Amino acid sequence: MKNKKRILIVGNWKMNPNTLISAKEIFSSIKKIVLKNKKTDVVICPPFTFINSLFNSSKTAALTIGAQDLSVYDSGARTGEVSGMMIKSSGAEMVIVGHSEKRAAGDTDEIVNKKIQQALKNNLVPILCIGESIRDDHGEYLAVIKSQIKNALAGVSKKSLTQIIIAYEPVWAIGNTNFSAITGHELHQMYLFIKKYLKELYGDSISSLIKILYGGSVSPDNVSDLINFGEVNGFLVGRVSYDPSSFKDLLTNISDIKKK
Ligand code: PGA
């Protein structure tokens, strides 16, 4: 199937790698790969401590830096917190909000909403993660998706809504060992469901501008199926994003599909 859309890959490094030296090495390999695959935009989200150093060596529009989380606060006596302004001033352009690992550690819908507002206030593009923990036979998981979207975006202005990227990441598909967590057809159904709901909430013109990514065991092996049938704008990638050899295969497979 012909696919002319530019694909966005967001790499979530989570708490990896262990040292700044390794982070720089991995990032420099990724940069070489990105420069050879000019049709894909890549955002790497390393741990906070590596953001500025990697930003200083990115120097290409196709490779930018993001963060994995941000505080709900602006500043002050908040030990261990990192604000949106700090992240922005370190060179990041995007920030992941509401990742299931953060939700499991206590981020409620209300906190996710505050983080979205903080990101927008500091000119960071929020990548809002949504996704059900399990799929039941009665389709109740669809109500979970709806309420996650509605609550996370409550009070966001129409103009800001168009900046937001939604990453559909079913929790059961993250960190899967066989890299075949969801099929392109299943993903397509969810893509249509999310788009329809966004349309219902915000109308045609706004919903058509909100990008939708998929995350959860994306790999070089399943990416063709997910692109050909899934209709998404890109992917949120965990493990593969800090393994240069798999990342190279991922981007090569994406660009091969786009040439067809
Ligand atoms: P995974 O992680 O690609 O390793 O499954 C995805 C994520 O948690 O964002």
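This text goes with the structure placed above it.
**Overview of the state of the cysteines**
Going through the model one piece at a time under the given rule, you end up with zero disulfides. Among the cysteines around Cys45, which has no disulfide bond, Cys129 carries the closest sulfur, lying 9.4 Å off. According to the relative accessible area criterion, Cys45 is buried, its value standing at 0%. According to the relative accessible area criterion, Cys129 is buried, its value standing at 2%.

**A word on the side chain of Ser100**
Tracing the backbone through its elements, the reader meets Ser100 in helix α4 (residues 100-104). Judged by relative accessible area, which is 16%, Ser100 ranks as buried. Not counting chain neighbours up to four residues away, the residues in contact with Ser100 comprise Val171 and Ile174.

**A word on the packing of aromatic side chains**
If you walk through the whole model with that rule in mind, you get one aromatic pair. Each ring, one from Tyr168 and one from Tyr214, has its centre 6.3 Å from the other, and the planes form 50°; the classification is tilted. Taken together, the residues span a long stretch of sequence, with Tyr168 in strand β6 (residues 165-168) and Tyr214 in strand β7 (residues 211-215) at a distance of 46 residues. Judged by its relative accessible area of 1%, Tyr168 is buried. By relative accessible area, which is 0% here, Tyr214 ends up buried. The ring of Tyr73 carries the charged tip of Arg78 above its face, separated from the ring centre by 3.6 Å.

Conventions we followed
Residues numbered from 1 in each chain as written. Predicted model: local features only at pLDDT ≥ 70, side-chain atom pairs only at ≥ 80, totals over all residues. Heavy atoms only, no water. Disulfide = S-S within 2.5 Å. Buried < 20%, exposed > 50% of the residue type's maximum accessible area, 1.4 Å probe, protein only. Helix = DSSP H or I, 4+ residues; strand = E, 2+ residues; numbered from the N terminus. Contact = heavy atoms within 4.5 Å. Phe/Tyr/Trp six-rings, centres within 6.5 Å; stacked < 30°, edge-to-face > 60°. Lys NZ or Arg CZ within 6 Å of the ring centre and 35° of its normal.

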